[in-house]
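# Report on the structure
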Amino acid sequence: MEDSLPASIFDVETPCLLVDIDIVKKNCQTMIDRCKTMGVELRPHMKTHKTVEGAELMTNGTKRKIVVSTLDEAIFFADNGFEDILWGSPIVPGRISKRLINLCNKLEEFHVMVATLVGLEAILATPLNEGKKWSVFLEIDCGYGRTGCCWNSEEIISICEKIKQSNNMIFQGLYTHCGNSYSPDIETKNSIQQTTFDRLIDVKSKLSGLGLECKTVGCGSTPSCSKPIECLSNLTEMHPGNYIFYDYMQVLANSCDFEDIACKVATTVVDHKPEVQTLVVDCGWTAFGLDAPHDQFKDAPLGQAPIVDHPELRMFSMTQELGKLKAAEGEIDYSKYPLGSRLYLYPWHSCCTTCAHPFYYVHSGEKIVGKWRTTRGW
Ligand SMILES: Cc1ncc(COP(=O)(O)O)c(C=O)c1O
């Protein structure tokens, strides 16, 4: 039986994750409207929230066209009536499981991503039910240096030849994630968007010259899709995910403002330690996550995300269940934070913070209006 909801954000047990539904709706609608204006389809990524409710808002109620980071997410969304799902993580032989094959057979449109010839050969060697074909996106690395076939590699040609010869797959096109667009410098961010786009188009033309057409050419991250440069209108789809909640890193990357951050960790002051100039709260890394700032943000030390309405404080270190706050400058005025009082922490990286929570309390203003359950696992 569902427990009754706490009445307000002041009644929740801590630590817990609070999601502001009004900000979430605004963030989702803004991205939907932007894609519409640009004439680009939105394939939102589910990795940040991993909930049915968040997915419905990101897809404008259609429950179609999403990208997920794990097979568990793919199965979860399929079980909840979603279609046109891309598992956006490279397939290799050891990842072709019964769960994957079942999902391919069950959904009308389920797409896998390959980044290597080895991955492509592995799926081509795996039969599906009669009448079913593998639906495949080719992941291109346009300079981020994570996964994906390097945009100017010879392997792309071999992959293309193999796709052309195959008759048990449908080739969808190209996918790239420009994670290198997370930069506090706008010029750097824009030039990464331009380079990513140019390289993708270069691959598309190369494949076309070899007789392979790409229906889809997709790219995107929250920094690029929140402030897209003009050429991105020539993509067929974009696939940001973090924008549903945003976070402090996105503020530093100029993707959003503080008012756009839709989730916060509610925590309670559990100790005053004037002898070491700290304030201790009941939110450690099990509730906040422990993602270190990426290299581009090295001037923002680990965990130094600000506190809602308390710019004078910073979280500077965490143990498993406790967080230590210090004054951003000077000394802490402990009278402002009595023992047992509440503080609300902006997440440094919301994808990391949300993963620590089995559910989120959803609020409108101070009132709790719902509870979203997340899927977990791989
Ligand atoms: C493959 C892939 N696509 C899309 C995204 C969404 O990007 P963002 O989190 O910047 O919205 C990610 C994020 O890590 C990703 O890994």
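These numbers come from a predicted model, not from an experiment.

### Concerning the site of the ligand
Taken together, 14 residues sit near the ligand, with Arg146, Tyr175, Tyr182, Thr222 and Gly241 positioned nearest. Between the ligand and Arg146, the relevant distance is 2.7 Å, taken from an oxygen atom to a side-chain nitrogen or oxygen of the residue. Between a nitrogen atom of the ligand and a side-chain N or O atom of Tyr175, the distance comes to 2.6 Å. Against a free-state accessible area of 390 Å², the protein chains account for coverage of 94% of the ligand. Taken together, the residues of the shell around the ligand break down into 4 nonpolar, 8 polar and 2 charged.

### What about the environment of Asp271?
Here Asp271 is to be found in strand β11 (residues 263-273). What makes Asp271 partly exposed here is its relative accessible area of 34%. Between the alpha carbons of Asp271 and Val281 there is a distance of 7.0 Å; along the sequence they are 10 residues apart. Sequence-distant contacts of Asp271, that is, excluding residues within four places in its chain, are made with Leu279, Val280 and Leu339.

### Digging into the pattern of salt bridges
Per the counting criterion, the structure on display carries 13 salt bridges. Where Glu56 meets Lys63, a salt bridge forms, and the shortest distance between an N and an O atom there is 3.7 Å. In this structure, the salt-bridge partner of Lys162 is Glu121, at a minimum N-O distance of 3.8 Å. With Lys162 in helix α6 (residues 155-165) and Glu121 in helix α5 (residues 117-124), this residue pair connects regions lying 41 residues apart in the sequence. Assessed through its relative accessible area of 26%, Lys162 is described here as partly exposed. Sharing partners across several salt bridges, the network here consists of Arg43, Arg64, Lys65, Asp84, Glu109 and Glu237.

### Here we look at the domain arrangement of the protein chain
Partitioning the protein chain into structural domains gives domain 1 (21-244) and domain 2 (258-373). Between the C-alpha centres of domain 1 and domain 2 the distance comes to 33 Å. Facing the 22 residues of domain 1 at the interface are 20 residues of domain 2. For domain 1, the biggest contributors to the area lost against domain 2 are Ile21, Ile23 and Tyr182; these three give 31% of the whole. The salt bridge partner of Lys26 is Asp260, with a shortest N-O separation of 2.6 Å. At the junction of domain 1 and domain 2, the tally comes to 7 residue pairs in polar contact (both at pLDDT 80 or more). Breaking the side of domain 1 that touches domain 2 down by element, the ones donating at least two residues are α1 (21-38) and α2 (52-58). Broken down by element, the residue count for the side of domain 1 that touches domain 2 peaks at 6 residues, all from α1.

### Description of unusual backbone geometry
The peptide bond linking Thr14 to Pro15 adopts the cis configuration, its omega dihedral lying at -5°. Relative to the helices and strands, Pro15 is located in the segment before β1 (16-20). Of note, Asp309 is a non-glycine position whose phi angle comes to about 65°, a positive value. Tracing the backbone shows Asp309 in the loop between β13 (306-307) and β14 (310-318). For Asp309, a relative accessible area of 68% corresponds to the exposed category.

### Concerning the side chain of Gln172
Within the secondary structure, Gln172 is located in strand β8 (residues 169-176). A distance of 2.9 Å separates the side chain of Gln172 from the side chain of Ser135, its partner in a polar contact. Setting aside residues up to four positions removed in sequence, Gln172 forms contacts with His111, Ser135, Val136, Phe137, Cys214, Lys215 and Thr216.

The rules behind the values
- Residues numbered from 1 in each chain as written.
- Predicted model: local features only at pLDDT ≥ 70, side-chain atom pairs only at ≥ 80, totals over all residues.
- Heavy atoms only, no water.
- Near = heavy atom within 4 Å.
- Polar contact = N/O pair within 3.5 Å; in protein donor to acceptor, adjacent residues only side chain to side chain.
- Areas by Shrake-Rupley, 256 points an atom, 1.4 Å probe, with all protein chains shown as cover.
- Nonpolar A, V, L, I, M, F, W, Y, C, P; charged D, E, K, R; others polar.
- Helix = DSSP H or I, 4+ residues; strand = E, 2+ residues; numbered from the N terminus.
- Buried < 20%, exposed > 50% of the residue type's maximum accessible area, 1.4 Å probe, protein only.
- Contact = heavy atoms within 4.5 Å.
- Salt bridge = Lys/Arg side-chain N within 4 Å of Asp/Glu carboxyl O.
- Domains from an automatic or database assignment.
- Buried area = accessible area lost by both parts, 1.4 Å probe.

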